[in-house]
Amino acid sequence: MAGGLVALLDDVAVLARAAAASIDDIGAAAAKAGAKAAGVVVDDAAVTPQYVRSLAAERELPIIKRIALGSLRNKFLIILPTVLLLSQFVPWLLTPILMLGGAYLCYEGAEKVWAKIAHHDAHGAGEEKVQDETTLVSGAVRTDLILSAEILVITLNEVIDEAFWSRLAILAVVAVVMTVLVYGVVALIVKMDDAGLRLSQRSGAVATFGRGLVRAMPVVLTVLTVVGTAAMLWVGGHILLLGTNELNLHFLYEAVHHVEVAAHDATGVLGGLVGWLVNTVASAILGLIVGALVVLVMTFTLHRRKSKPAAATAAATPRTDGTVPAQPSRAAQRRDAPADRAPRG
């Protein structure tokens, strides 16, 4: 009896060690895979504060909470089941889907670069029009759906060789950690100036620190935007570079790899860093080129089509009393036409 109990406890200890090792493996794999999605995470953290910039200070955190909950719904109810089914039954689709996402990242990055050059805001953040909270949250959650899909597809591509349940666990860990990380950072960013204002009302070094915090906020947001744009171009270009190689279009990947190896060999102890920089810069250049082409196509197709009905929409805009201005009849137009118009014939 005692021997059987000891054997049972020993088996339980073995299972516990195996479970702990599995959890460690899942955590390590999730950390490695999540690092690959850094560019998307930085962009998500850079874009989201723009949604609450026109809100009252007391509504900022509740709105961020609603967006974060919407992000979790996106990840667990839509994205996670979809990518797991694809990886289980049609894994060959993951590379093209990942490349489409990479092209989207390149487009977003190139659009921000163009917006900076042309002095307009790619995300419409310069508009001060106040939206109702439901519309604001819906727009933020739709944007999050795209960025979250990129995070999880990039993660899945790193753990595609794992068993199904390991993939599920790793993706779930990444989904939760990335959501907490992104929206925790967003909450800190949007409340940093409020904290600085409160500290500035005190005395001594605390007040000086508070004033410095308020002055630093524009710089923090600018740096975050620049880093996010660079990260999108780098990550998007790197996804395309690896994807073309996996689709047996080796020339571009091999050219970059050849330059990377040459730089590594020529710089001695700094070879690892220099080689990484070469690959990163090449990926960012590729991302900028692809993104610029997509921006060009979008400008001359979708954006142009949207601009055509703009005049008609403006003409049909309701007045403040809720009515729509009536269009004059053809008879009225003829009656109001200038009388000195030259007769026909």
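Calculation notes
- Residues numbered from 1 in each chain as written.
- Predicted model: local features only at pLDDT ≥ 70, side-chain atom pairs only at ≥ 80, totals over all residues.
- Heavy atoms only, no water.
- Helix = DSSP H or I, 4+ residues; strand = E, 2+ residues; numbered from the N terminus.
- Contact = heavy atoms within 4.5 Å.
- Areas by Shrake-Rupley, 256 points an atom, 1.4 Å probe, with all protein chains shown as cover.
- Phe/Tyr/Trp six-rings, centres within 6.5 Å; stacked < 30°, edge-to-face > 60°.
- Buried < 20%, exposed > 50% of the residue type's maximum accessible area, 1.4 Å probe, protein only.
- Patch = residues over 30% accessible without salt bridge, like charges linked within 9 Å, V, L, I, M, F, W, Y side chains within 5 Å.
- Salt bridge = Lys/Arg side-chain N within 4 Å of Asp/Glu carboxyl O.
- Core = buried A, V, L, I, M, F, W, Y, C linked by side-chain atoms within 4.5 Å.
- Lys, Arg positive; Asp, Glu negative; His and termini not counted.
- Axes fitted to C-alpha atoms, helices over the stretch in contact; angles between N-to-C directions.
- Parallel < 35°, antiparallel > 145°, perpendicular 65-115°, else oblique.
- Left-handed = near helix turned anticlockwise from the far one by under 90°.
- pLDDT = per-residue confidence, 0-100.
- Expected span 1.5 Å × (residues − 1).
- Nonpolar A, V, L, I, M, F, W, Y, C, P; charged D, E, K, R; others polar.

Asker: Just give me the short version of the overall build of the chain, but keep the residues and values in it.
Answerer: For the chain, the count of helices and strands is twelve helices and zero strands. For the chain, the succession of helices and strands along the chain, N to C, is α-α-α-α-α-α-α-α-α-α-α-α. If you take every contact in the chain between residues at least 6 apart in sequence, the share linking residues at least 24 apart comes to 76%. Within the structure as shown, the chain displays about 20700 Å² of accessible surface, and the carbon and sulfur contribution to it stands at 68%.

Asker: Give me the environment of Ile160: which residues, what numbers.
Answerer: Inspection of the secondary structure puts Ile160 in the loop between α5 (133-158) and α6 (164-200). Taking C-alpha positions, Ile160 is 9.5 Å from Leu94, a pair spaced 66 residues apart along the chain.

Asker: For the packing of aromatic side chains, give the residues involved together with the corresponding values.
Answerer: Throughout the structure, instances matching the rule amount to three aromatic pairs. Here Phe164 and Trp165 contribute two aromatic rings whose centre-to-centre distance is 5.2 Å and whose plane-to-plane angle is 85 degrees, an arrangement assigned as edge-to-face. You can call Phe164 partly exposed: its relative accessible area is 28%. Judged by its relative accessible area of 64%, Trp165 is exposed. Seen in terms of ring centroids, Trp234 and Trp276 are 6.1 Å apart; in terms of plane orientation they differ by 75 degrees. Their pairing is edge-to-face. Of this pair, Trp234 sits in helix α7 (residues 205-246) while Trp276 sits in helix α9 (residues 271-300), and the two are 42 residues apart along the sequence. Judged by its relative accessible area of 44%, Trp276 is partly exposed.

Asker: So what's going on with a nonpolar patch on the surface? Which residues, and what values?
Answerer: Side chains of Phe76, Leu77, Ile78, Leu145, Val176 and Val180 sit close together on the surface and give an oily, nonpolar patch of about 510 Å² of accessible area. Those elements giving two or more residues to the nonpolar patch turn out to be α3 (57-89) and α6. At three residues, α3 tops the list of elements feeding residues into the nonpolar patch. With respect to the helices and strands, Leu145 occurs in helix α5.

Asker: So, the nonpolar core: which residues are in play, and what are the values?
Answerer: Of all hydrophobic cores here, the largest spans 22 residues; its most connected members are Val83, Leu152, Leu156, Leu171, Val174 and Ile239. For this core, the secondary structure elements donating two or more residues are α3, α4 (94-118), α5, α6 and α7. When neighbours within four sequence positions are excluded, Leu152 is seen to be in contact with Lys75, Ile79, Leu80, Leu171, Val174 and Ala175. Core analysis: the next-biggest nonpolar cluster, separate from the first, contains 14 residues, Leu55, Leu136, Val182 and Ala187 among them.

Asker: So, the side chain of Arg167: which residues are in play, and what are the values?
Answerer: Structurally, Arg167 can be placed in helix α6. One buried charge, Arg167, has no salt-bridge partner; the nearest side chain with opposite charge is Glu162, at 7.6 Å. With residues near it in sequence (within four places) discarded, Arg167 still touches Leu84, Ser87, Gln88, Leu156, Val159, Ile160 and Glu162.

Asker: Summarise the packing of helix α8 (residues 251-266) against α9; cite the residues concerned and give the values.
Answerer: Close contact between α8 and α9 brings their axes to 8 Å; oriented N to C, the two are set at 150 degrees. In terms of axis orientation, α8 runs roughly antiparallel to α9. Like other packed secondary-structure pairs, α8 and α9 cross with a definite hand, here right-handed. Here Leu252, Val256, Val259, Glu260, Ala263 and His264 of α8 come into contact with α9, specifically with Gly271, Gly272, Val274, Gly275, Val278, Asn279, Ala282 and Leu286.

Asker: An account of the confidence of the model for the chain is needed here, citing residue identities and associated values.
Answerer: The share of residues in the chain with pLDDT of 70 or more is 68%, and the mean pLDDT across the chain is 76. With pLDDT under 50 throughout, residues 11-22 is counted as low confidence; its partners more than four residues away or in other chains account for zero contacts. Segment residues 339-345: pLDDT under 50, and zero contacts once partners within four positions in sequence are set aside and those in other chains are kept.

Asker: Before we move on, could you go through the pattern of salt bridges and cite the residues and values that matter?
Answerer: Under the criterion given, the structure shown has two salt bridges. Lys191 serves as the salt-bridge partner of Glu60, at 3.4 Å between the closest nitrogen and oxygen. Here Glu60 is found in helix α3, whereas its partner Lys191 is found in helix α6, with 131 residues between them in sequence. The residue Asp194 makes a salt bridge to Lys191 at a minimum N-O spacing of 2.8 Å. Of the two residues, Asp194 and Lys191 both sit in helix α6, three residues apart, roughly one turn of that helix. Within the structure, one salt-bridge network assembled from shared partners comprises Glu60, Lys191 and Asp194.

Asker: Break down the environment of Ile154 for me, with residues and values.
Answerer: Its location among the elements puts Ile154 in helix α5. Between the C-alpha atoms of Ile154 and Gly101, which are 53 residues apart in sequence, the distance is 9.1 Å.

Asker: Break down α8 for me, citing the residues and quoting the values.
Answerer: Given 3.6 residues per turn, any residue in an α-helix points the same way as the ones three and four places further on. With 16 residues, α8 should cover 22 Å at 1.5 Å per step; its first-to-last C-alpha distance of 23 Å lies within 8% of that length. Note on α8: the residue one or two positions beyond its end, Gly268, has a positive phi of about 60 degrees.

Asker: Pulling in residues and values, what's your account of the packing of α7 against α8?
Answerer: Running from amino to carboxyl end, α7 crosses α8 at an angle of 120 degrees, the nearest separation of the two axes being 7 Å. In terms of orientation, α7 lies oblique with respect to α8. For the pair formed by α7 and α8, the contact residues are Leu241, Leu242 and Asn245 on the first element and Leu252, Tyr253 and Val256 on the second. A class-by-class count of the residues in the contact of α7 with α8 yields five nonpolar, one polar and no charged.

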